[in-house]
Amino acid sequence: MHNRARETREQLDVRKASNVQKVEKYSKLNKMVMENHQIKNYDAESFALSAKLLELNPEIGTVWNYRRLSLMHLHSTRSSSPAPAPAPCALLDAELALVERALHKNPKSYGAWHHRKWVVAQGQSDLQRELVLCGRLLDLDCRNFHCWSYRRYVASLASRSLEEELEFTTHKIEQNFSNYSAWHLRTRLLPQLHSSASSPLDPALQQSPQLAETSDSDNPICRPVGLVKHPPMYPSPPCPSSHLPIPSASVLPHPTTPINTSATSAFNCKIHSTTIASSSPSTSITSLTTSASTSTSASTRPLASSSSSSTILPTTSSLCPSSPSSLPVEVVAREAELVKQAFFTEPADQSAWLYHRWLMAHLPTTDGDGGASAQAVLEGEVNSVRELLELEPDSKWAMLTLARMLEAIREGSLSDNGDEETNKRERELVDLYSKLIVKDTCRNKYFRDKLISLVTKVS
């Protein structure tokens, strides 16, 4: 490399010998941990060895699973062990510290983030500290979607309001407009914030376990849950009474956690084929077998019901392929101003353009004042994109967005100012798709089909 001294033959031999020694030590450590896992050895020495291995390589999911089994075993044998054992909180705090060291090694380690979520779900962690940690990590890499997903989970546990989360996304977007995760989170928050149904973070649903258990069964976040303590392919740890404390009211579903729909005061959970009832949810957790295909989570829940009675912007094929429920016109107008800042700052970045497409698809077109306001918002967006094209005439996303909005106006007849205005829009559409055929060669056949369809309709 440039400005780098060339290694001598002796230095190269020394470095290779050092690497060989490191590989040998790593292989030996990995073999020891896997053997302990195979024979189900969950003692403190094996537990420490697994931590060393994960600090070297946090990508071994099997070792994270082994640590979860070891934690349950160590806790279950505390009372019967002659030697003093660490308290559950100390064990969990040590796990969080281990995960932090692993994330320093690889901030996007799937296994490390999943293990941290498991630890936090035990109900013994400082949620505010976790939110601060997520904020620092997002300051270093605002597009770390692992951290965004984990933060959304912690925010739900901490009963953060929808307004607070929306404000946080605004702050991160203003720091960097090219932030897919922040824009995406807004698409999850806005429909909940402006829907008539109670939101997952509604304070009325966070007051007590009884309220959470008797809430609307259609809301998967509010139903009581059983947390997965170990993967379904493993048998229970040696001691069947191995439990770690967890307050049931503060735990939200994990994407692979089945929902326990019992509305009784007892904490009923299935462990394999045996049902155990505990009258004290705060002192026990369970080992559940899971079925990801039947589970429902907040992260996979649709944005809005397809049976919504409110009408939406016509030609959803032009703006959005789905059929979402509409947002209030003033909300769409306010969001459009934020997106406009992103357009004029980074016109080549697609994250804001995709959010704008989602936003326009949620614009209502009801009759009366609402429809008139929606028309004004849409025409204002058309003028804004035209203004941007004057500054950035080669912006593919601006041309495509303008074409879709013009098609929405054309097919939905939101603005009918006579044949002259209609013909003007037709000519503009033909011009836009003709430019896109040349500009975006990877998709020129799609734009050619759109152009042919447009010319056919005109003729």
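Residues numbered from 1 in each chain as written. Predicted model: local features only at pLDDT ≥ 70, side-chain atom pairs only at ≥ 80, totals over all residues. Heavy atoms only, no water.

What follows covers the packing of helix α5 (residues 110-120) against helix α7 (residues 145-157). Interaxial distance between α5 and α7 falls to 10 Å at its minimum, and their mutual angle equals 5°. Relative to α7, α5 is oriented roughly parallel. Contact residues: Tyr110, Trp113, Arg116, Lys117 and Val120 in α5; Phe145, His146, Cys147, Ser149, Tyr150, Tyr153 and Leu157 in α7. Of the residues contributing to the contact of α5 with α7, the split by class is eight nonpolar, two polar and two charged. (Axes fitted to C-alpha atoms, helices over the stretch in contact; angles between N-to-C directions. Helix = DSSP H or I, 4+ residues; strand = E, 2+ residues; numbered from the N terminus. Parallel < 35°, antiparallel > 145°, perpendicular 65-115°, else oblique. Contact = heavy atoms within 4.5 Å. Nonpolar A, V, L, I, M, F, W, Y, C, P; charged D, E, K, R; others polar.)

Here we take up helix α13 (residues 350-361). Every α-helix winds through 3.6 residues per turn, so residues three or four apart in the chain are directed the same way. With twelve residues, α13 extends 17 Å from end C-alpha to end C-alpha; this agrees with the ideal 16 Å at 1.5 Å per step. With nine of twelve residues buried, α13 lies mostly within the body of the structure. Within α13, burial applies to Ser351, Ala352, Trp353, Tyr355, His356, Trp358, Leu359, Met360 and Ala361. (Expected span 1.5 Å × (residues − 1). Buried < 20%, exposed > 50% of the residue type's maximum accessible area, 1.4 Å probe, protein only.)

On to the side chain of Glu335. Positionally, Glu335 belongs in helix α12 (residues 329-345). For Glu335, a relative accessible area of 2% corresponds to the buried category. Setting aside anything within four residues of it in sequence, one finds Glu335 in contact with Arg186, Leu190, Tyr355 and Leu359.

A word on the nonpolar core. Counting 90 residues, the largest nonpolar core has Trp183, Leu359 and Tyr433 as the members making the most contacts within it. The biggest single contributor to this core is helix α15 (residues 396-412), with nine residues. In this structure Leu359 touches Leu327, Val332, Glu335, Ala336 and Val339, once residues within four positions along its chain are discounted. (Core = buried A, V, L, I, M, F, W, Y, C linked by side-chain atoms within 4.5 Å.)

Our next topic: the pattern of salt bridges. With the rule as written, the count across this model stands at 17 salt bridges. The salt bridge partner of Glu335 is Arg186, with a shortest N-O separation of 2.7 Å. Placement of Glu335 in helix α12 and of Arg186 in helix α9 (residues 180-193) is noted, with a sequence separation of 149 residues between them. Exposure remark for Arg186: the relative accessible area of 3% places this residue in the buried category. The network of salt bridges with common partners includes Glu100, Arg116, Arg129 and Glu130. (Salt bridge = Lys/Arg side-chain N within 4 Å of Asp/Glu carboxyl O.)

Now for unusual backbone geometry. In the Ramachandran plot, Lys40 falls in the positive-phi region, its phi being about 60° despite a non-glycine side chain. Structurally, the position occupied by Lys40 is in the loop between α1 (9-38) and α2 (44-56). Taking relative accessible area as the criterion, Lys40 reaches 42% and is therefore assigned partly exposed. Although it is not a glycine, Ser159 adopts a positive phi angle of roughly 60°. Within the secondary structure, Ser159 is located in the loop between α7 and α8 (162-175). Residue classification places Ser159 among the partly exposed residues on the basis of a relative accessible area of 34%.

Here we take up the environment of Ile437. The topology assignment puts Ile437 in helix α16 (residues 419-439). Since its relative accessible area comes to 13%, Ile437 is described here as buried. Remark: the alpha-carbon pair of Ile437 and Phe447, spanning ten residues in sequence, is separated by 5.7 Å. Those residues in contact with Ile437 that sit more than four places away from it in its chain are Asn444, Phe447, Arg448 and Leu451.

Here we come to the state of the cysteines. In total, this model carries zero disulfides according to the counting rule given. Cysteine Cys134 shares no disulfide, and the gap to the nearest cysteine sulfur, in Cys147, comes to 4.1 Å. (Disulfide = S-S within 2.5 Å.)

Take the packing of aromatic side chains next. Within this structure, the stated rule accounts for eight aromatic pairs. Between Tyr355 and Trp358, the aromatic rings sit 5.6 Å apart at their centres with planes inclined by 25°, giving stacked as the arrangement. Of this pair, Tyr355 and Trp358 both sit in helix α13, three residues apart, which is roughly one turn of that helix. Neither Tyr355 nor Trp358 differs from the other in exposure class; each is buried. Between Tyr446 and Phe447, the aromatic rings sit 5.2 Å apart at their centres with planes inclined by 65°, giving edge-to-face as the arrangement. (Phe/Tyr/Trp six-rings, centres within 6.5 Å; stacked < 30°, edge-to-face > 60°.)

Okay, α7 next. In this model, α7 (13 residues) spans 19 Å end to end at C-alpha, consistent with the 18 Å of a helix rising 1.5 Å per residue. Most of α7 sits inside the fold, with ten of its 13 residues counted as buried. The N-terminus of α7 is capped by Asn144, whose side-chain oxygen sits 3.1 Å from the backbone nitrogen of His146. Once α7 finishes, Ser159 follows within two positions and takes phi at roughly 60°, a positive value. (Polar contact = N/O pair within 3.5 Å; in protein donor to acceptor, adjacent residues only side chain to side chain.)

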